[in-house]
Amino acid sequence: MSNVSPSLVIEDLLKDFGPVPALDGRMVRVLHGISLTAHAGTVTTLLGSNGAGKSTTLGCAQGLLKTNGGSVRLLGEDPFGASPALRSRVGVMLQDGGLPPSLRPIPLLEHVASMYERPADINSLIERLGINEFSTTSIRRLSGGQKQRVALAAALAGNPEVIFLDEPSAGLDPQSRQVVFDLIGELREAGLCIVLTTHLMEDAQRLSDYVYIIDDGRNVAQGTVAELTAHAANESPAQAVTFSATAAMALPVLPEHLQLIESKPGHYRFDGVRSAADLAALTGWWSSEGILPNSLTMQPRTLEDVFLEIADKGNHAN
Ligand SMILES: Nc1ncnc2c1ncn2[C@@H]1O[C@H](COP(=O)(O)OP(=O)(O)OP(=O)(O)O)[C@@H](O)[C@H]1O
């Protein structure tokens, strides 16, 4: 990966919108210097809350939006006003689908595929994504999840090298979500550069090779899921400890960052564990109550824990 040029390089990206009437006609800056790199054969995820700037970053990366500073190189070119040759190498699945409402899915997909020199096998995409099930319904009447599947097939119709997926699992039922996730995995194996956005930690954790956490138009953390959820040398690998005990126990008084929740009678979740001292607080309580738990599980940090810690630090800094 390292000796091949990245498919996408964004440096210090600035983006303004406006003029905004509510701000006396001034412009509002929504991206304040986003940087990211995405490689072939990997899934790169932009993770952030609603309004963090993920779709705007994707819009600039795809060349749909003009930037106000910084640089974007997509397959070595500036994507804004790029050549048709570059566009044919890139697939885009927008958040609202952007599909013509009066067409039926299969004629639409066949038409999109016919515009490319080296189209994908559209019939296999149709079958794979279960589009036959609703092939006689116009796009306008499809459910959100069905539109999402057609939009994904349309994005893949030109056999792209880079694909941008804005919230790919939005509106999907669990079965369709699994189909889409499996397909994303195969596209990565086939060497595509996949750049996606999500605000769902679980999706980011399951799909991503590399995650950029974005907040208020800024990079706030980045790394592989393992790097982001790793613990420092003097910290506990656990974020939560769950255990059960048959005897009734008086709940202890704990330091502020630790929380003990009795999820159901006799089942406890001990949250916020970072250090040996935190575990000692737990075992000290058992010892004072004369309790030996029936079961004990330590749960590693998840991306959600990391995200909440970052948000918490941001709130304290403000
Ligand atoms: N055309 C526009 N004019 C003014 N402000 C805009 C425009 N488009 C987006 N914004 C603002 O830019 C900010 C970033 O929006 P963006 O859609 O990039 O966020 P997001 O992280 O993709 O959010 P979501 O998860 O809700 O899709 C938001 O505050 C949004 O209101």
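The following paragraphs examine the structure supplied in this document.

Rules used throughout
- Residues numbered from 1 in each chain as written.
- Predicted model: local features only at pLDDT ≥ 70, side-chain atom pairs only at ≥ 80, totals over all residues.
- Helix = DSSP H or I, 4+ residues; strand = E, 2+ residues; numbered from the N terminus.
- Buried ≥ 20, exposed ≤ 12 C-beta atoms within 10 Å, placed from the backbone.
- Contact = placed C-beta atoms within 7 Å.
- Near = placed C-beta within 6 Å.
- Nonpolar A, V, L, I, M, F, W, Y, C, P; charged D, E, K, R; others polar.
- Pairing = 2+ DSSP bridges.
- Expected span 1.5 Å × (residues − 1).
- Axes fitted to C-alpha atoms, helices over the stretch in contact; angles between N-to-C directions.
- Core = buried A, V, L, I, M, F, W, Y, C linked by C-beta atoms within 7 Å.
- Right-handed = clockwise from strand over helix to strand, strands pointing away.

Before going further, it helps to examine the overall build of the protein. Secondary structure summary: the protein contains 10 helices and 13 strands in total. The C-alpha extent of the protein, read off along each of the three principal axes, is 75 × 45 × 45 Å. When each of the 318 residues of the protein is scored for burial, the buried share is 32%. Taking as baseline every contact in the protein between residues at least 6 positions apart, the subset at least 24 positions apart corresponds to 70%.

Moving on, we get to the site of the ligand. In the vicinity of the ligand, the residues found are Phe17, Val30, Gly48, Asn50, Gly51, Ala52, Gly53, Lys54, Ser55, Thr56 and His199. With three residues, helix H1 (residues 54-62) is the single largest residue contributor to the shell around the ligand. Residues belonging to the shell around the ligand are distributed by class as follows: three nonpolar, seven polar and one charged.

Bringing the pairing of strand S11 (residues 259-264) into the picture now. Counting buried positions along S11 gives zero out of six residues, so the element sits mostly on the surface. Where S11 and strand S12 (residues 267-271) come together, five bridges link them in antiparallel fashion. In the strand pairing of S12, Ile261 is matched with Arg269.

Along its 13 residues, helix H5 (residues 144-156) runs 19 Å from first to last C-alpha, staying within 8% of the 18 Å computed at 1.5 Å per residue. By the burial criterion, the buried members of H5 are Gln146, Lys147, Gln148, Arg149, Val150, Ala151, Leu152, Ala153, Ala154, Ala155 and Leu156. If you follow the buried residues of H5, they end up packed against strand S5 (90-93), helix H3 (105-114), helix H4 (122-128), strand S6 (162-166) and helix H6 (174-189).

With that settled, consider H1. Summarising burial for H1: nine of the nine residues are buried, a large majority. Those residues of H1 that fall on the buried side of the exposure criterion are Lys54, Ser55, Thr56, Thr57, Leu58, Gly59, Cys60, Ala61 and Gln62. Looking one or two places after H1, you find Gly63, whose phi comes out positive at around 85°.

For Ser288, the position within the fold is in helix H9 (residues 276-289). On a C-alpha basis, the gap between Ser288 and Pro252 in space is 9.8 Å, while along the polypeptide they are 36 residues apart.

One open sheet accounts for three strands, arranged S2-S1-S4; its pairing is antiparallel. Of all strands in the sheet, those bounded by a partner on one side alone are strand S2 (26-38) and strand S4 (69-74). Pairs of neighbouring strands in the sheet enclose a mean axial angle of 35°, with direction left out of account. Of the pairings in the sheet, the one linking strand S1 (residues 8-20) to S4 comprises five bridges and is antiparallel in character. Residue pairing for S4: Val9 is matched across the bridge by Arg73. Taken strand by strand, H1 contacts S1, S2 and S4, and its axis lies near 115° from that of S1.

Quick look at unusual backbone geometry now. Phi is mostly negative for residues that are not glycine, and the peptide bonds are mostly trans. Cis peptide bonds are those with omega within 30 degrees of zero, and the linkage from Gly18 to Pro19 qualifies with 0°. In this structure, Pro19 sits in strand S1. Although it is not a glycine, Asn159 adopts a positive phi angle of roughly 55°. Owing to 17 C-beta atoms within 10 Å, Asn159 belongs among the partly exposed residues under this scheme.

What follows covers the nonpolar core. Formed by 58 residues in total, the largest nonpolar core has its most connected members in Ala61, Ala153 and Ile194. Broken down by element, this core gets its largest block of residues, seven residues, from H5. Ignoring any residue separated from it by four or fewer positions in sequence, one finds Ala61 in contact with Leu8, Ile10, Val72, Leu74, Pro79, Phe164 and Val195.

Bringing the sheet that holds strand S7 (residues 193-198) into the picture now. Backbone hydrogen bonds are what pair the strands of a sheet, in a parallel or an antiparallel way. Spatially, S5-S6-S7-S3-S8-S9 is the arrangement adopted by the six strands of the open sheet, whose pairing is mixed. Each edge of the open sheet carries a strand with a single partner, namely S5 and strand S9 (218-223). Pairwise comparison of adjacent strand axes, ignoring direction, gives a mean angle of 15° for this sheet. Pairing geometry for strand S8 (residues 210-215) and S9, over five bridges, is antiparallel. Counterpart to Tyr212 in the pairing with S9 is Gln222. Contacting strand S3 (42-47), S5, S6, S7 and S8, H1 crosses the sheet at an angle of about 155° to S6.

For S7, the buried fraction is high: six of the six residues fall into the buried class. What you see with S7 is no split at all: Cys193, Val195 and Thr197 on one side and Ile194, Leu196 and Thr198 on the other are buried throughout. Pairing geometry for S3 and S7, over six bridges, is parallel. Bridge pairing links Thr44 to Val195 in S7. Sheet analysis places S6 next to S7, joined by five bridges and oriented parallel. Within S7, the residue paired with Val162 across the bridge is Cys193. Traced from S6 through H6 to S7, the parallel crossover comes out right-handed.

Scope: geometric values only; no functional claims are made or implied.
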